[in-house]
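# Results of the structural survey
Take a look at the letters that make up each chain.
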Amino acid sequence: LLQRFGQTENGPLSGPTRTVAYLQNLPPDQIDLVIEFGEWPIRANHELGMEIFLTDTENAETLPRPRVLGFLEKIDTTLAIHYLEHAINEWNDMTPDIHQRLLILYLGQLTSNKGEWKDKFLTMLKESEQYSPAKMLDRLDREGMFSTAHTGQYSSLSDPNFYEARAILFSKMGQHRQALEIYVFKLEDHEKAEE
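Residues numbered from 1 in each chain as written. Predicted model: local features only at pLDDT ≥ 70, side-chain atom pairs only at ≥ 80, totals over all residues. Heavy atoms only, no water.

## Concerning the environment of Ser132
As for its position among the elements, Ser132 is in the loop between helix H9 (114-127) and helix H10 (133-139). Here Ser132 falls in the partly exposed class, since its relative accessible area comes to 23%. When the C-alpha positions of Ser132 and Lys172 are compared, they lie 9.3 Å apart, and in sequence the two are 40 residues distant. (Helix = DSSP H or I, 4+ residues; strand = E, 2+ residues; numbered from the N terminus. Buried < 20%, exposed > 50% of the residue type's maximum accessible area, 1.4 Å probe, protein only.)

In structure tokens:
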């Protein structure tokens, strides 16, 4: 009913606000209902709809994150990224799978939008200790190409944008010689090499 009335043009209950408020109050065991009726508010108004999953309530924080993440990824990858950033930065989620997934989503965004996502990707690589550097390096595969699992797109690592990512990963894995070679010979950044 809330969805039907919410989708009417000029009724007293029009708009997604009432649906969002209702879904925010559902407990985690009602995740199926949240997902079933959460899509239209998100599509109608991203910011308002995301409040279902991002408000500072116990219900939002305890929703099963893999289910929410899968749901949001089907709608828009940037919403999934926003959700994961919130889980890590606001709820202090230290689950390795969450950190790994956020890095993979950042990497996927780099294929189309380097500038905006590069800084977030590199910062997360440097600061997080909750992901597998070896798995991320594997994604930046040795032949100088990386592929994103969900798009199958390939991008060249001869692009200097990915040198620093590889150097950070080598450093985290204790392979400092490879990291130094990238900083000194590829990036010609002696300050970062000294760090």
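## Description of the nonpolar core
If you look at the biggest cluster of nonpolar residues, it comprises 55 residues, and the most contacted ones within it are Ile42, Phe53, Leu72, Tyr83, Phe121, Leu125 and Met136. If one sorts the elements of this core by residue count, helix H8 (residues 96-110) sits on top with eight residues. For Ile42, the contacting residues outside a window of four places in its chain are Gly49, Met50, Phe53, Phe71, Leu72, Ile75 and Leu79. (Core = buried A, V, L, I, M, F, W, Y, C linked by side-chain atoms within 4.5 Å. Contact = heavy atoms within 4.5 Å.)

## Some details on the packing of aromatic side chains
A full pass over the atoms with the stated rule returns four aromatic pairs. Ring geometry for Tyr83 and Trp91: centres 6.2 Å apart, planes at 80°, overall edge-to-face. Taking relative accessible area as the criterion, Trp91 reaches 11% and is therefore assigned buried. Geometrically, the ring pair formed by Tyr106 and Trp117 is tilted, given 5.9 Å between the ring centres and 40° between the ring planes. In this pair, Tyr106 sits in helix H8 while Trp117 sits in helix H9, placing the two residues eleven residues apart along the sequence. Relative accessible area serves as the criterion here: at 4%, Tyr106 is assigned to the buried category. Connected via pairs of aromatic rings, a cluster forms that spans Phe53, Phe71, Tyr83 and Trp91. (Phe/Tyr/Trp six-rings, centres within 6.5 Å; stacked < 30°, edge-to-face > 60°.)

## Observations regarding the side chain of Thr77
Among the structural elements, Thr77 can be located in helix H7 (residues 77-89). Accessibility expressed as a relative area gives 18% for Thr77, which makes it buried. The contacts of Thr77, once residues within four sequence positions are left out, are Leu72, Leu105 and Gln109.

## Comments concerning helix H2 (residues 17-24)
Looking at H2, one finds that the buried residues are Thr19, Val20, Leu23 and Gln24. Along the axis of H2, the buried positions cluster into a sector of 130°, meaning they face one direction only. (Arc of directions from axis to C-beta.)

## Focus: the pattern of salt bridges
Tallied over the entire structure, the rule returns eight salt bridges. In this structure, Lys172 engages Glu129 in a salt bridge whose closest nitrogen and oxygen atoms are separated by 3.1 Å. Here Glu129 lies in the loop between H9 and H10 and Lys172 lies in helix H11 (residues 163-172), a separation of 43 residues in the sequence. With relative accessibility at 27%, the residue Lys172 sits in the partly exposed group. A salt bridge links Glu181 to Arg177, with the shortest nitrogen-to-oxygen separation between them at 3.3 Å. Of this pair, Glu181 and Arg177 both sit in helix H12 (residues 176-186), four residues apart, roughly one helical turn. A relative accessible area of 64% places Arg177 in the exposed class. (Salt bridge = Lys/Arg side-chain N within 4 Å of Asp/Glu carboxyl O.)

## Some details on H12
For H12, the complete set of buried residues consists of Ala179, Ile182 and Tyr183. For H12, the angular spread of buried residues about the axis comes to 90°, placing them on one side. Relative to its buried face, H12 has exposed residues pointing more than 90 degrees away, namely Arg177 and Phe185. Structurally, H12 contributes buried residues whose contacts are with H11 and helix H13 (190-194). Following H12 by one or two positions, Glu188 has its phi on the positive side, about 50°.

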